[in-house]
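A look at the structure
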Amino acid sequence: MPDTAKPFEIARARTLPALKAELAALRTGGATIGFVPTMGALHDGHLALVRHAKSLCDKVVVSIFVNPLQFAPTEDLDRYPRDEAGDIARLQSVGCDLVYLPTVDVLYPKNFVSRIELAGPALGLETDFRPQFFSGVATVVSKLFNQVRPDVAVFGEKDFQQLAVVRAMVRDFDMGIEIIGMPTVREADGLALSSRNAYLSPEERAIAPKLHQALEAIRDGHLTIDTAKTELQAAGFGQIDYIALRDADTLGEVTPETTSRRLLAALWLGKTRLIDNIPA
Ligand SMILES: Nc1ncnc2c1ncn2[C@@H]1O[C@H](COP(=O)(O)OP(=O)(O)OP(=O)(O)O)[C@@H](O)[C@H]1O
Ligand SMILES: CC(C)(CO)[C@@H](O)C(=O)[O-]
Ligand code: BAL
């Protein structure tokens, strides 16, 4: 019997016309579209978002784009991990239908002059240390949303402030996309999965889970934020950008009206900047 069964091949698009053609095919029969924007170097945290999008929608689109607009000139744009072939294989294994791989020219042609700026949840925390970051994220996410026009988009709570910023942008600009936040996927020792964990030396990797442990100790009242900072630096962490308890909805200071709180942190371990957060 001839073997006619061809292995499922994920569709790919690198240009806007190719994306539009692939999306038209996916939408046949009124299929709903779930979308997961990423910067690639995919790990199980990303795959959890894709699986969840697949459970909510008929078809799933993932974008892979390392967005220059959200990096400062001093940051790691050039050395950000890239693994397109591995990423496509991983996406295929979880049933992603279409991967969008735009180049910088596709998203930012020469005449591109617009930016999205937010206040509210974008103020403070990450913005104090990466002032360009949320403008870059909001601008690229709004472009990707306009290009893909998904029904649902899934983001990770690991980037908790980013999730709040995207929710605010979608609300303010009536984008009509349902934004879903997914809990942080962690290594067995508590370290939040992150593409940048690949930068850690074996010695740094052994120290890294102490960040999550410290957040839990603060949450449980065993450490104050200040003593946790001292202990983390004694353990080998470098500059602590922030460890802060915030209103989980506004990301502003905790007030008597606060109904849910979030403990957020960003700090350096060698040349790697780690972020994490937990409910508190
Ligand atoms: N451990 C994780 N659990 C759940 N979602 C995650 C996790 N890590 C990243 N994500 C989510 O995946 C999406 C794409 O993130 P991104 O590609 O920047 O990966 P990353 O691992 O966060 O990389 P980076 O090292 O740049 O922080 C974002 O919505 C992000 O919140
Ligand atoms: C949302 C995003 C894909 C925008 O570049 C990025 O900030 C990320 O991967 O979290
Ligand atoms: N996951 C957030 C992307 C960034 O740090 O640029």
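Model, not experiment: these values are computed from the prediction. (Residues numbered from 1 in each chain as written. Chains lettered and ligands numbered in written order. Predicted model: local features only at pLDDT ≥ 70, side-chain atom pairs only at ≥ 80, totals over all residues.)

With that settled, consider the sheet that holds strand E7 (residues 240–247). Backbone hydrogen bonds hold the strands of a sheet together, and the pairing may be parallel or antiparallel. The strand order across the open sheet formed by three strands is E7-E8-E9, and the pairing between neighbours is antiparallel. Only two strands of the sheet have a single neighbouring strand rather than two, namely E7 and strand E9 (272–279). Within this sheet the neighbouring strands show an average axis-to-axis angle of 10°, counted without direction. By the bridge criterion, eight bridges tie strand E8 (residues 261–269) to E9 in an arrangement that is antiparallel. Residue pairing for E9: Leu267 is matched across the bridge by Leu274. Strands in contact with helix H9 (residues 210–219) are E8 and E9; relative to E9, the strand with the most contacts, it is inclined by about 30°. (Pairing = 2+ DSSP bridges. Helix = DSSP H or I, 4+ residues; strand = E, 2+ residues; numbered from the N terminus. Axes fitted to C-alpha atoms, helices over the stretch in contact; angles between N-to-C directions. Contact = placed C-beta atoms within 7 Å.)

Under the local residue numbering, the UniProt record ascribes the feature "binding site: beta-alanine" (unreviewed entry) to Gln70. Mapped onto the elements, Gln70 comes out in the loop between strand E3 (59–64) and helix H3 (84–93). Under the C-beta neighbour-count criterion, Gln70 is labelled buried, with 21 such atoms within 10 Å. Non-local contacts of Gln70, meaning those with residues more than four positions away in its chain, are made with Gln132, Phe133, Gly136, Val137 and Val140. (UniProt positions renumbered as here; feature names shortened; annotations may be inferred. Buried ≥ 20, exposed ≤ 12 C-beta atoms within 10 Å, placed from the backbone.)

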